[in-house]
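Residue-level listing of the chains:
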Amino acid sequence: VVVQEDFLQVDLASMLGPADRSWKVVANLPYYVTTPILEKLLSQAGPWVSDMWLMMQHEVAERIVTPGQRTSGSLTHFVRYHARADYRLRVPPSAFAPPPEVDSAVVHFAFLPPPDDCVPKRLFALVRGAFAQRRKMLRSSLKAFLRPEHFEAAGIDPQRRPETLQFEDFLALEKASRPENSKSPACST
């Protein structure tokens, strides 16, 4: 079945049918809308899709699969929340006609269950806040969210920069920064 629609406007639930079916997504993502398509797939397709094989711009693929590196960003951690991403193949411009000006890459995404014991909205707010001012130290970029004792409880040096953190570091910061008397639900989208 060919569906001619704007993917960002399509209701995935109605398009993919009952959740008892398992789909695989194989796609060459348009470079200019890679992030919104990827975010939609990761946040909405989990009940229907077991895994995805996506071709995208090489630099975006590197950013997705390299947490704790200079190229990592909020997208890196958003992906890690939803899936395990593995860089599989670099594709040179010569593989296309006409050739683009950049290299491409194929990344495999395997969906993961949500992490236990976290509040996703708070986690994503911390991640976005940290990377909104990525050249600043965490104590500055996250001052609206965290106090010094939160960093201490999480075991994170507040002088670090966001790109040096792993996904688990952001989980620790989210957990350490919760109001003391609130009961947190399991982490779900």
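We now turn to the structure provided with this report. Since we're looking at a predicted model, the values are computed, not measured.

What counts, and at which threshold
Here the residue numbering is sequential within each chain, running from 1 through the sequence in written order. A pLDDT threshold of at least 70 governs which residues receive local features in this predicted model, and a stricter bar of 80 or more applies before side-chain atom pairs are shown or counted, although totals over entire chains, interfaces and linings include all residues. In computing side-chain properties, one takes all heavy atoms of the structure into account and sets aside hydrogens as well as water. Numbering of helices and strands runs from the N terminus; a helix is a DSSP stretch of H or I covering at least four residues, while a strand is a stretch of E covering at least two. A contact between two residues is defined here by any heavy atoms of the two lying within 4.5 Å. The Shrake-Rupley method, run with a 1.4 Å probe sphere, supplies the accessible areas, and residue values consider only the shown protein chains as cover. When DSSP locates at least two bridges between a pair of strands, those strands are taken to pair. With axes taken as lines fitted to C-alpha atoms, and helix axes fitted only over the stretch in contact, angles between N-to-C directions fall between 0 and 180 degrees. Each nonpolar core is a collection of buried residues, namely Ala, Val, Leu, Ile, Met, Phe, Trp, Tyr and Cys, held together in the definition by side-chain atoms within 4.5 Å. In this scheme, a residue with accessible area under 20% of its type's maximum is buried, one over 50% is exposed, and one in between is partly exposed, where area comes from a 1.4 Å probe on protein chains only. Crossing chirality is assigned from the near helix's rotation relative to the far helix, an anticlockwise turn below a right angle marking it left-handed and a clockwise turn marking it right-handed. Note on residue categories: nonpolar means Ala, Val, Leu, Ile, Met, Phe, Trp, Tyr, Cys or Pro, charged means Asp, Glu, Lys or Arg, and polar means any other residue, Gly included. Here a salt bridge means any side-chain nitrogen of Lys or Arg lying within 4 Å of a carboxyl oxygen belonging to Asp or Glu.

What follows deals with the overall build of the protein chain. Scanning the protein chain for helices and strands turns up 8 helices and 4 strands. The order of α-helices and β-strands along the protein chain, N terminus first, is α-β-α-β-α-α-β-β-α-α-α-α. With the C-alpha coordinates of the protein chain rotated into their principal frame, the extents come out at 55 × 40 × 25 Å. By sequence separation, contacts in the protein chain at least 24 residues apart represent 71% of the contacts at least 6 residues apart. For the protein chain, the accessible area works out to roughly 10,800 Å², and carbon and sulfur atoms hold 53% of it.

Right, let's talk about the sheet that holds strand S2 (residues 49-57) for a bit. In sheet architecture, strand pairing relies on hydrogen bonds along the backbone and comes in two forms, parallel and antiparallel. Taken in spatial order, the 4 strands line up as S1-S2-S4-S3 in an open sheet, and their pairing is mixed. Since the sheet does not close on itself, it has two edges, and those belong to strand S1 (23-28) and strand S3 (83-91), each with one partner. When the angles between neighbouring strand axes are averaged without regard to direction, this sheet yields 15 degrees. Strand contacts of helix H2 (residues 34-44): S1, S2, S3 and strand S4 (104-111), with the helix running at about 175 degrees to S2, the strand carrying the most contacts. Taken strand by strand, helix H3 (residues 58-65) contacts S2, S3 and S4, and its axis lies near 135 degrees from that of S2.

When a protein is soluble and globular, its nonpolar side chains tend to lie buried together. Grouped together as the largest cluster of nonpolar side chains are 46 residues, with contacts concentrated most on Met52 and Phe109. Residue contacts for Met52: discarding those within four places in its chain leaves Val25, Leu38, Leu41, Leu42, Val107, His108, Phe109 and Phe111.

Bringing the packing of helix H5 (residues 120-132) against helix H8 (residues 167-176) into the picture now. Two quantities define a packed helix pair, namely the angle between the axes and the distance from one axis to the other. In contact at an axis separation of 9 Å, H5 and H8 are set at 115 degrees when each is read in the N-to-C sense. Helix-helix and strand crossings are classified by hand; for H5 and H8 the assignment is right-handed. The residues of H8 that touch H5, namely those facing Arg122, Leu123, Leu126, Val127, Ala130 and Phe131, are Phe167, Phe170, Leu171, Leu173 and Glu174. In terms of residue class, the contact of H5 with H8 is made up of 9 nonpolar, no polar and 2 charged.

Bringing the pattern of salt bridges into the picture now. One pass over the full model with this rule turns up 11 salt bridges. Asp86 serves as the salt-bridge partner of Arg84, at 3.3 Å between the closest nitrogen and oxygen. Judged by relative accessible area, which is 43%, Arg84 ranks as partly exposed. Taking the relative accessible area as the measure of exposure, Asp86 reaches 24% and is therefore partly exposed. Measuring nitrogen to oxygen at the nearest pair gives 3.7 Å for the salt bridge that ties Arg160 to Asp169. Taking relative accessible area as the criterion, Arg160 reaches 26% and is therefore assigned partly exposed.

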